[in-house]
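Chain by chain, the residues run as shown.
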There are 2 protein chains.
Amino acid sequence: MFAKEEYLMRLNKTKQKMMEHGIEVLLIANPSNMYYLTGYNAWSFYVYQMLIVIIDEDQPLWIGREMDAPSAVATTWLDEHHIIPYPDEFVQSTIKHPMDFVANILSEIGQGNRKIGLEMDSFYFTAMSYERIIQGLPYAEFKNLSTLVNWVRLIKSEKEIQCMKKAAKILENAMNAAYHSVDIGVRENDVVAAINQAQISGTMDYGGDYTSIVPMIPTNENTASPHLTWTDRRYRYGDFMTIEIAGCYRRYHTPMARTMAIGKAPKKVTDLAKVVIEGIETTLEAIKPGMTAEEVENIWAKTIAKHGYYKDSRLGYSIGLSYPPDWGEHTVSFRKGDRTILQPNMTFHLMPGIWMDDYGVEITESIRVTEKGCEVFANVPRDVFIKKPSNISTMTLQNEDQVGS
Amino acid sequence: MFAKEEYLMRLNKTKQKMMEHGIEVLLIANPSNMYYLTGYNAWSFYVYQMLIVIIDEDQPLWIGREMDAPSAVATTWLDEHHIIPYPDEFVQSTIKHPMDFVANILSEIGQGNRKIGLEMDSFYFTAMSYERIIQGLPYAEFKNLSTLVNWVRLIKSEKEIQCMKKAAKILENAMNAAYHSVDIGVRENDVVAAINQAQISGTMDYGGDYTSIVPMIPTNENTASPHLTWTDRRYRYGDFMTIEIAGCYRRYHTPMARTMAIGKAPKKVTDLAKVVIEGIETTLEAIKPGMTAEEVENIWAKTIAKHGYYKDSRLGYSIGLSYPPDWGEHTVSFRKGDRTILQPNMTFHLMPGIWMDDYGVEITESIRVTEKGCEVFANVPRDVFIKKPSNISTMTLQNEDQVGS
């Protein structure tokens, strides 16, 4: 996927950070970090697997299920001596745990008494994994370094930016598919099917990858609940909805949300959208290298405060490569207290949304910090999209009861 | 989604198991278990959330992100007093952790000194969550009960079986979409796009839900690596592939794998397929209530052993409702040592596959144990599908170099 030199550079940066934190061995459970350092790419993170970076070894060790070792051979730059399979009897067993196997390997290769970093807050490093590792390595010293590699990922290489630009083209197609498929009498799930089709078909030149979050398309009062997925309810005249989706190219994501309506949008929605749009556009103009993350949030907060609004949740977060269940990088957030200094080629989902009790508006952008400011990845108008219903029986349908299950 | 009576029955069964294990409070991080007991359904499990069952309380407590509390109101049977939001400053912070909030709530409501069960091996209960809970509740006594609710889920209600039958119809459509879209010159991702479209469109009568695992469609030598997803390589004459997908209706899954080929399949593949088909059909005929899980595996093992094959990995696992990253229920496995006794309305993915060094064959079924035997959910022929190429320039294309990126 990337040149070996790029992987080695990433590995060196990781080791440098390990030194800064005084650790000699880093256990990596986060599939995004695993992919970043080795290229490992398979839907196998539902069983335990571990990448082990040892400070004085040239290659990391991949330990995973026997059935997945061929995927490691196929997708990583590691040689076969650094790919260690565990037998299937360790899979979802109440007796044997894959982390017993990992601990044994570490002891066998003389790493059992070292200073070991753990990704304590990674989705796939469970409480039980932790307990087994601790028990299995009684002479080791442990330190929590949950997001060490995540922070190495923060500034993107040119090759990574190219991946995100490709993802953004896919996103444009997917948002277009959403707009064109939304209609009176169409079911929510059929709109998602059209979005998915566009996300995975990609473009004529390259295919799309699965996104780490599925489309979230709440309608009407449910726009107040941004993480609802979909139902098979049929749309009606006057419905409004949030569409939050991403394009994904080889695990690199560019997310975006837009607010749409069929026929017409309620005035409360278009009014709120004006505030959100003014907020995001003011913020986009202001972002430049050298600012802190909290300063970005502050510009937005001041802009919407002029209109009497206050938003409690963060304004955005770092993005790049990722695996389900999240496309956020879990490092920088645009919010009070985050004093990370922006630098060129940091990439973010700038995520202004305002949610009231029974409606909400989201109009968001994936952005890259440039040498002098910032640029958006995808070219999609920032407005409430009003879809003209194609169905001639509009007036009939809007008076009918809900169709479908 | 289900009648309140069904949720209360599930809750009572959970409490009975809690009593058997001597615990008074159960902390549930697994989104599948949360959905099972309350109906909670949103893509919000990438931030911490917790369902708390207290043995002497009528309703569980849902604790989650402020932004997601409206989803809990919208999708669960809980009243608003049992839905407790935490502020956004707890989200992906290096300082505040949502489990501090959970521990505080438990202390405040007088549960801080009780016997508490934890899902130690659940994907979304991280090592850090565990540490914070332990620190925050110094007077509590803890016990690992990772799969307590998973085991309650084992025997499905009639309503659940109906959901799985609906999922199976979607699966049939999706497998059909795979078969019809695979062709010379078509890209792997375009086949996935067609599968996804079918999965989410569902049927005329109901829509489909997202599956907990994305389509896995390795080709040729990569069929030895069952969990590879896809690329944008174009198919060529003589390619063979595994297609492992599911149908999903309201989080209920029926998975299936088939082996396909374009134009012709290599003899080694059709030969191996004969063994796999004889194995699965012999096993399907034998399965009945009263058998143990390991006996099921033994029938398969004996059948393929006659042909000189030995399969190291488990032959299948319990299925039902699930959230990413896995559609397995993490309870029963068809393998040596699993002495679970089969009962009617247990449901499984019977997953015979044989993987050699450079190819593999999978022909699998989702099944339900009935009163007298078992039945398959989906009606899809068990064979290696040979797709006749539609492209007239077949002979040209097969001699060309690979097209596309």
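Throughout, a residue's number is its position along its own chain's written sequence, starting from 1. To read the labels, note that chains go from A and ligands from 1, taken in the order they are written. The predicted origin of the model limits local features to residues at a pLDDT of at least 70 and limits the giving and counting of side-chain atom pairs to 80 or more, whereas totals for whole chains, interfaces and linings rest on all residues. Each side-chain value is worked out from all heavy atoms of the structure, with water and hydrogens disregarded.

Identification of chain A as M24 family metallopeptidase from Aliibacillus thermotolerans is taken from an unreviewed UniProt entry.

A common way to express how large an interface is: the accessible area buried when the components associate. All names here are of chain A. Domain parsing of chain A yields domain 1 (4-152) and domain 2 (158-402). Once you take the C-alpha centre of each, domain 1 and domain 2 turn out to be 34 Å apart. Contact between two residues is taken to exist if any of their heavy atoms lie within 4.5 Å; hydrogens are not considered. Taken together, the contact pairs 15 residues of domain 1 with 17 residues of domain 2. In total, domain 1 and domain 2 occlude about 1,300 Å² of area from one another, counting both sides; carbon and sulfur atoms represent 64% of this. Of all residues in domain 1, the largest losses of buried area upon contact with domain 2 belong to Tyr 35, Phe 123 and Trp 151, amounting jointly to 35% of the total for that side. Salt bridge, as used here: a side-chain nitrogen of Lys or Arg that lies within 4 Å of a carboxyl oxygen of Asp or Glu. For the pair domain 1 and domain 2, the interface holds 1 salt bridge. We note a salt bridge from Glu 160 to Arg 10, for which the minimum N-O separation is 3.6 Å. The term polar contact refers here to a pair of N or O atoms within 3.5 Å; inside protein, the definition further demands a hydrogen-donor-capable atom paired with an acceptor-capable atom, and it admits residues adjacent in sequence only when both atoms are side-chain atoms. The tally of links between domain 1 and domain 2 comes to 6 residue pairs in polar contact (both at pLDDT 80 or more). Top contributing element to the side of domain 1 that touches domain 2 by residue count: helix H2 (residues 31-38), with 4 residues. Gly counts as polar in this scheme, as do all residues outside two lists: the nonpolar Ala, Val, Leu, Ile, Met, Phe, Trp, Tyr, Cys and Pro, and the charged Asp, Glu, Lys and Arg. Residue composition of the side of domain 1 that touches domain 2, grouped by class: 9 nonpolar, 4 polar and 2 charged. Residue ranges assigned to the domains are those given by an automatic or database domain assignment. Two parts placed together each lose some accessible area; with a 1.4 Å probe, that loss summed over both constitutes the buried area. Where helices and strands are cited, they refer to DSSP runs of H or I of at least four residues and of E of at least two residues respectively, numbered from the N terminus.

When the sulfur atoms of two cysteines come within 2.5 Å, that pair is taken as a disulfide. Counting across every chain of the model gives 0 disulfides over all chains. With no disulfide of its own, A:Cys163 lies closest to A:Cys248 among cysteine sulfurs, the gap being 9.6 Å.

Glancing now at the sheet that holds strand E16 (residues 385-387) of chain B. Residue and element names in this part refer to chain B. Here 3 strands make up an open sheet; going across it, the order is E7-E8-E16 and the pairing mixed. What marks the edges here is a single partner per strand, and that holds for strand E7 (240-249) and E16. When the angles between neighbouring strand axes are averaged without regard to direction, this sheet yields 40°. As paired strands, strand E8 (residues 252-262) and E16 are joined by 3 bridges and run parallel to one another. Bridge pairing in E16 places Ile 262 opposite Lys 387. Between the N-to-C directions of two axes lies an angle of 0 to 180 degrees, each axis being a line fitted to C-alpha atoms and, for a helix, fitted only over the stretch in contact. Taken strand by strand, helix H7 (residues 158-181) contacts E7, E8 and E16, and its axis lies near 20° from that of E8. In this analysis, strands are considered paired if DSSP registers two or more bridges between them.

Now for the relation of the copies chain A and chain B. The copies were overlaid with a least-squares fit restricted to C-alpha atoms from residues scoring a pLDDT of at least 70 in each copy. Expressed as a screw operation, the relation of chain A to chain B combines 0.0 Å of axial shift with a rotation of 180°, fitting to an RMSD of 0.0 Å. Taken together, the rotation and translation relating the two chain copies correspond to the operation of a two-fold axis. Both copies present the same face, since 100% of the interface residues in chain A are matched by interface residues at the equivalent positions in chain B.

Residue and element names in this part refer to chain A. As enumerated under the stated definition, the model contains 44 salt bridges over all chains in all. Put simply, Glu 89 and Lys 96 hold a salt bridge, and the shortest N to O gap is 2.6 Å. Residue burial is assigned from relative accessible area. The probe radius is 1.4 Å, only protein chains are included, and a residue is buried under 20% of its type maximum, exposed over 50%, and partly exposed in between. Classification of Glu 89 as partly exposed rests on a relative accessible area of 41%. Look at Lys 96 and you get partly exposed, because its relative accessible area is 33%. Among the charged side chains, a network of salt bridges with common partners joins Arg 258, Glu 281, Glu 365 and Arg 382.

Turning next to the confidence of the model for chain A. Residues and elements named next belong to chain A. Mean pLDDT over chain A stands at 95; residues scoring 70 or higher make up 96%. The score called pLDDT rates the predictor's confidence residue by residue, from a low of 0 to a high of 100. Scored below 50 in pLDDT, residues 399-405 shows 9 contacts in the model against residues more than four places distant or in partner chains. As scored by the predictor, the complex reaches a pTM of 0.95 and an ipTM of 0.94.

Residue and element names in this part refer to chain B. One ladder, built from 4 bridges, connects strand E5 (residues 115-118) with strand E6 (residues 141-144); its direction is parallel. Bridge pairing links Leu 118 to Asn 144 in E6. Chirality of the crossover, the property in question, places the unit of E5, helix H5 (residues 127-136) and E6 among those that are right-handed. When the strands point away from the viewer and the connection leading from the first strand across the helix to the second strand turns clockwise, the crossover is called right-handed.

Classification of ring pairs uses Phe, Tyr and Trp, with its six-membered ring standing for Trp, and accepts pairs whose centres are within 6.5 Å; under 30 degrees between planes counts as stacked, over 60 as edge-to-face, and the remaining range as tilted. Using the criterion set out here, one finds 35 aromatic pairs over all chains in the structure. An angle of 75° between the planes, with centres 6.0 Å apart, marks the rings of A:Tyr35 and A:Tyr323 as edge-to-face. Residue A:Tyr35 is located in helix H2, and its partner A:Tyr323 is located in the loop between strand E9 (316-319) and strand E10 (328-333); the two are separated by 288 residues in the primary sequence. Relative to B:Tyr124, the ring of A:Phe123 has its centre 5.9 Å away and its plane inclined at 75°; by these criteria the two rings are edge-to-face.

All names here are of chain B. The strand order across the open sheet formed by 6 strands is E4-E3-E2-E1-E5-E6, and the pairing between neighbours is mixed. Of all the strands in the sheet, just strand E4 (83-86) and E6 have a single pairing partner and so form its edges. On average, each strand axis in the sheet is inclined to that of its neighbour by 20°, with strand direction left out of account. Looking at chain direction, strand E2 (residues 50-54) and strand E3 (residues 61-65) are connected through 3 bridges and run antiparallel. Directly across from Met 50, in E3, lies its bridge partner Ile 63. Along the sheet, helix H1 (residues 4-20) contacts strand E1 (25-28) and E2; its crossing angle with E2, the most-contacted strand, is approximately 70°.

UniProt positions are given in the numbering used here, feature names are shortened, and annotations may be inferred rather than shown by experiment. In this numbering, the UniProt entry assigns the feature "domain: Creatinase N-terminal" (unreviewed entry) to residues 10-155 of chain A. Between the C-alpha atoms that bound residues 10-155 of chain A there is a distance of 11 Å. The span itself is 36% helix and 18% strand.

All right, on to empty space enclosed by the protein then. For cavity detection a 1 Å grid was placed over the protein atoms alone, and a set of points counts as a cavity when a 1.4 Å probe fits there but cannot get out; an open set counts as a pocket when protein lies on both sides within 12 Å along at least five of seven lines, with lining residues being those that have an atom within 4 Å of a point. Grid points are joined across faces, edges and corners, and a volume is the space filled by probe spheres set on the points. For the coordinates displayed, the defined rule picks out 6 cavities of 30 Å³ or more. The calculated volume of the largest cavity comes to roughly 270 Å³. Lining the largest cavity are 25 residues, with A:Tyr210, A:Val214, B:Tyr210, B:Thr211 and B:Val214 positioned closest to its centre. Classifying every residue of the lining of the largest cavity gives 16 nonpolar, 7 polar and 2 charged.

This next bit is on the side chain of A:Arg132. Residue and element names in this part refer to chain A. Mapped onto the elements of the fold, Arg 132 is located in helix H5 (residues 127-136). For Arg 132, a relative accessible area of 18% gives the class buried. At a separation of 2.8 Å, a polar atom in the side chain of Arg 132 contacts the side chain of Asp 100. If we skip the residues at most four places from it in the chain, Arg 132 touches Ile 95, His 97, Met 99 and Asp 100.

For the rest of this paragraph, the subject is the environment of A:Ala29. All names here are of chain A. Checked against the element boundaries, Ala 29 lands in the loop between strand E1 (25-28) and H2. The buried category is assigned to Ala 29, whose relative accessible area is 5%. The sequence separation of Ala 29 and Glu 119 amounts to 90 residues, and the corresponding C-alpha distance is 6.8 Å.

This next bit is on the side chain of B:Ser71. Within the secondary structure, B:Ser71 sits in helix H3 (residues 69-75). Not counting residues within four places of it along the chain, the set of residues in contact with B:Ser71 comprises A:Ser225, A:Leu228, B:Tyr40 and B:Ala42.

If you look at the biggest cluster of nonpolar residues, it comprises 220 residues, and the most contacted ones within it are A:Ile52 and B:Ile52. Sequence-distant contacts of A:Ile52, that is, excluding residues within four places in its chain, are made with A:Val25, A:Leu26, A:Leu27, A:Pro60, A:Leu61, A:Ile63, A:Val102 and A:Leu106. For the purposes of this section, nonpolar cores are sets of buried Ala, Val, Leu, Ile, Met, Phe, Trp, Tyr and Cys residues that join through side-chain atoms within 4.5 Å.

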